[in-house]
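One letter stands for each residue in the lines below.
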Amino acid sequence: MEKLVIKGPTPLKGEIRINGAKNAAVAILPATLLIDGICTIDNLPHISDVLLSCEILEKFGAKIKWNTKNCITIDTRNVHTTKAPLDLTSKFRASYYIIGSMLSRKKEIEVGMPGGCQLGARPVDQHIKGFEMLGADVTLGNGTIYAKADKLVGNSIYMDIVSVGATINIMLAATLAEGTTTIDNAAKEPHVVDVANFLNTMGADIRGAGTDVIKINGVKKLNGNATYSVVPDQIEAGTFMLAAVATKGNLILKNCITKHLESITAKIIEVGGVVEDYGDSLRVYCERRPSKANIKTLPHPGFPTDLQPQMGVVLSLAEGTSIINESIWESRFQYTQELNKMGAKITAQGKTAIIEGVEELSGSPVYSTDLRAGAALIIAGTAAHGVTEVYNLQYIDRGYEDIEERFRSIGANIERINEDN
Ligand code: UD1
């Protein structure tokens, strides 16, 4: 079993380059199934969810050439099957994008019920509603989703809730449909925009991504023959910003889109940190104990749920009592029990966590309960006094490239150890 051993406290200092966005990459890779041609994707984070996506594409008949660690060329001219590898697609959440892509390309697809982090119930009713409104029949059963259509025809679809996954999936399905599809109450996250930009670069006609109305004019074919660079990761950037604040450090983040970081920047300033915005880079520092703050997670441009645990670490160390309201996922406070092992004082019930700030955290063995919880525990370990051991690294490796090397490069005393050796 692998663990990260962190000796703290260390203020994180220096410069770090933000990688391509995980949540954009895991949608763009299945989106290549829409292309009858060859395309190159650059700035791809080298994380296990991306490697798994590539493995799934290869099972469909795609040919993938790794140009560098973060750049691949994909040839999707010979997509030959309509049945996804059920064991692989059940392993992570984003495999549901295979449905939208393959419905578009082949009008038929069967995938294993999408897995992913256990953040509570993760329904797919809005995805299914969208596919059905485009003319597909969708059947759920035996741990699989089967979708089939004679043809897909554009429609006006109003989303009952704002869903990133459903918005992207309907966009994928509508790209090669006949006529125009309108998605109302669409998600506005940066990765929704990035997938639309990718599809447009390859020949699609999608307008309005980033607003709550997206219009997709169906086209006959995507030809590819282009290179696309994945957008910088908003959540990775936010993770390092909060790591700087929690450790009273001073970090320069290169290659980020500061506009995507406004809600997190506002909270950092509210707790007493400083954020200097240089357009495509920023400096974050905090020279004093953070102040309390209240957080409510919301769809973009609100405070992202995927930064809630990392913010929870900052508030654990703040002066005063803070309240977090988690409005997206019902089980996103599992990390608070681990933080309490390190001396935090958090009471979580239902959608609310009450955090009584403590002066310091102390090292302890802790277990990642999901991807972002794992990132939060690394930040906590770096800020804490003594030795922290973080277990369940498989979650963290799903979404952060070379996590320990990157933390080490900004001063953390962190090592990955295989306990079996
Ligand atoms: C994506 C992100 C995830 C992030 C989440 C919210 C990826 C791969 N994952 O997940 O990291 O935490 O956005 O920003 O991009 N819902 C329904 N019915 C549906 C779909 C969703 O009720 O058909 C609900 C969910 O239970 C949740 C809310 O809508 O309460 C938002 O979910 P959604 O935006 O779809 O999240 P994901 O796309 O799964």
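On a predicted model such as this, the values are computed, not experimentally measured, just so you know.

**Student:** What should I look at first to understand the site of the ligand in this one?
**Tutor:** Close contacts around the ligand come from 21 residues, with Gln-126, Ser-163, Val-164, Asp-306 and Ile-328 the closest. In this structure, an oxygen atom belonging to the ligand sits 3.4 Å away from a side-chain N or O atom of Asn-23. Between Ile-328 and the ligand, the recorded distance is 2.6 Å, taken from a backbone N or O atom to an oxygen atom. Within the complex, the protein chains bury 87% of what would otherwise be the 740 Å² of accessible surface of the ligand. Contributing elements (two or more residues each) for the shell around the ligand: α5 (125-133) and α6 (164-175).

**Student:** What exactly am I supposed to notice about the domain arrangement of the protein chain here?
**Tutor:** How big an interface is tends to be expressed through the accessible area that disappears when the partners come together. The assigned domain composition of the protein chain is domain 1 (2-19 + 232-418) and domain 2 (22-229). Computed over C-alpha atoms, the centres of domain 1 and domain 2 are 30 Å apart. Listed as interface residues are 26 residues of domain 1 and, on the opposing side, 22 residues of domain 2. With both chains or domains summed, domain 1 and domain 2 bury close to 1900 Å², and 50% of this area falls on carbon and sulfur atoms.

**Student:** I would appreciate a short explanation of the sheet that holds strand β8 (residues 144-148) in the present structure.
**Tutor:** Two modes of strand pairing occur in sheets, parallel and antiparallel, and in both the strands are linked by backbone hydrogen bonds. Taken in spatial order, the 3 strands line up as β6-β8-β7 in an open sheet, and their pairing is antiparallel. With partners counted over all chains shown, the strands left at the sheet margins are β6 (108-112) and β7 (137-141), one partner each. Neighbour-to-neighbour, the strand axes of this sheet turn through a mean angle of 10 degrees, independent of strand direction. Pairing of β6 with β8, which is carried by 5 bridges, proceeds in the antiparallel orientation. Residue Ile-109 lies in a different strand from β8, and its bridge partner there is Ala-147. Packing against the sheet, helix α4 (residues 97-106) makes contact with β6 and β8, and its axis sits at approximately 160 degrees to β6.

Procedures and definitions
Within each chain, residues carry numbers counting from 1 in the order of the written sequence. Side-chain atom pairs in this predicted model are given and counted only at pLDDT of 80 or more, local residue features only at pLDDT of at least 70, and totals for whole chains, interfaces and linings cover all residues. The basis for every side-chain value is the complete set of non-hydrogen atoms in the structure, without hydrogens or water. Nearness of a residue to a molecule or strand requires only that one of the residue's heavy atoms be within 4 Å of it. Between N or O atoms, a polar contact is any pair within 3.5 Å; within protein, one atom must be a potential hydrogen donor and the other a potential acceptor, and residues adjacent in sequence are included only when both atoms are from side chains. Exposure was quantified through the Shrake-Rupley algorithm and a 1.4 Å probe, taking into account, for residues, occlusion by the shown protein chains and nothing else. Helix and strand definitions here come from DSSP, where helices need a minimum of 4 consecutive H or I residues and strands a minimum of 2 consecutive E residues; each element is numbered from the N-terminal end. Where a domain begins and ends is set by an automatic assignment or by a domain database. Whether two residues touch is decided by their heavy atoms; if any such pair falls within 4.5 Å, the residues are in contact. A 1.4 Å probe defines the accessible area here, and the buried area is the portion of it lost by two parts on being joined, summed over both. What makes two strands pair is DSSP finding at least two bridges between them. For every element, the axis is a line fit to its C-alpha atoms; helices are fit only across the contacting stretch, and the angle between N-to-C directions ranges from 0 to 180 degrees.

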